[in-house]
Amino acid sequence: GVATTTLTTTSAADITASVNGITGKVSVGVSAKATISVSGPTSTVSVSSPAAFSVVVGSTVSVSNVIINYGDGSSKALGALSGTQSVTHYYSQAGILDVSVSATDPDGVVTTAATQVAITGLSMTVSASPTTITRGASVTYTAVVSPSTASIDHYVWDFGDGTNGTSVGGTISHVYAATVPSGAINVAARA
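Fair warning: this is a prediction, and the values are worked out from it, not measured in the lab.

### Section: unusual backbone geometry
Here is step 1 of the chain: Omega for the peptide link from serine 129 to proline 130 comes to 0 degrees, which places this bond in the cis form.
Here is step 2 of the chain: Inspection of the secondary structure puts proline 130 in the loop between strand E11 (123-129) and strand E12 (138-146).
Here is step 3 of the chain: Following serine 146, the chain continues to proline 147 via a peptide bond in cis, the omega torsion being 5 degrees.
Here is step 4 of the chain: Assignment of secondary structure puts proline 147 in the loop between E12 and strand E13 (155-158).
Here is step 5 of the chain: Positive phi, normally seen in glycine, also occurs at serine 48, with a value near 70 degrees.
Here is step 6 of the chain: Secondary-structure assignment places serine 48 in the loop between strand E4 (45-46) and strand E5 (50-57).
Here is step 7 of the chain: For serine 48, a relative accessible area of 17% translates into the label buried.
Here is step 8 of the chain: At asparagine 65, a residue that is not glycine, the phi angle is positive and equals roughly 55 degrees.
Here is step 9 of the chain: Its location among the elements puts asparagine 65 in strand E6 (residues 63-69).
Here is step 10 of the chain: Residue asparagine 65 is classed as partly exposed on the basis of its relative accessible area, which comes to 43%.

Take a look at the structure:
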C-alpha cells in the first residue's frame, strides 16, 4: 500500500512509517530559503543618466552567483553577496524595462526578484554665436542636453552645408565657405 502524510515544520524532523510490524524511518532536513530583492530609481531616469539599483540579500542564508539583469540585454555578475549592494547602470534607449536579480543558495536553489525602471529620452537645444552668420567667419555652436546629469560621450554635428563634425564637448566651431548660398541653414546635433 501507499501511505502519505504532510509535514509542517521549521526544523529537522524524523518521519516513521510502520506496516505489518515493519518500520521505516527517514530524516528530513529543513533549510531556510534565501531572500533577495532589488529596488531601482523611484522617478524616471533619462538615457545616459545614472540609474541606481539596490540589491538586498537576506542574512539567513548565504548566496553566490548573484546576477543583475538590467532589462536592456546587459547584465552584471555581482558574485557572492551579503547585505546590501548598490550598482549603477547607464541606459542607451528609452522604454519601460524589467530589471531582475537572481542568487543561488548552497543547495543550488535559485531565488529571483524583479522591479521596473522607466527610461526617457534626452532633449537638446542648439544655439549659435554669433546668431548672424557671415561666410568665411567662425561661428560657435553650443548644444545643451537635458537632463544635465546625462553622460554624453560625443556629439555629431550636421552644419547644414553638406559638412559634418564631431566634438567631445557640447561646443564646436565651424566656418561656412563663400560658396554657401544665402538663407536659413538647418544645423543639427546628435548626442
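### Some remarks on the sheet that holds strand E15 (residues 171-175)
Here is step 1 of the chain: Pairing within the open sheet is antiparallel, and its 3 strands lie in the order E11-E12-E15. On the outer flanks of this sheet lie E11 and E15, each paired with one strand and no other. Across the sheet, the mean angle separating the axes of adjacent strands is 25 degrees when strand polarity is ignored.
Here is step 2 of the chain: Here 7 bridges tie E11 to E12, and the two strands are oriented antiparallel to one another. Considered in E12, the bridge of valine 126 is made with alanine 143.

Cut-offs used in this document
- Residues numbered from 1 in each chain as written.
- Predicted model: local features only at pLDDT ≥ 70, side-chain atom pairs only at ≥ 80, totals over all residues.
- Heavy atoms only, no water.
- Helix = DSSP H or I, 4+ residues; strand = E, 2+ residues; numbered from the N terminus.
- Buried < 20%, exposed > 50% of the residue type's maximum accessible area, 1.4 Å probe, protein only.
- Pairing = 2+ DSSP bridges.
- Axes fitted to C-alpha atoms, helices over the stretch in contact; angles between N-to-C directions.

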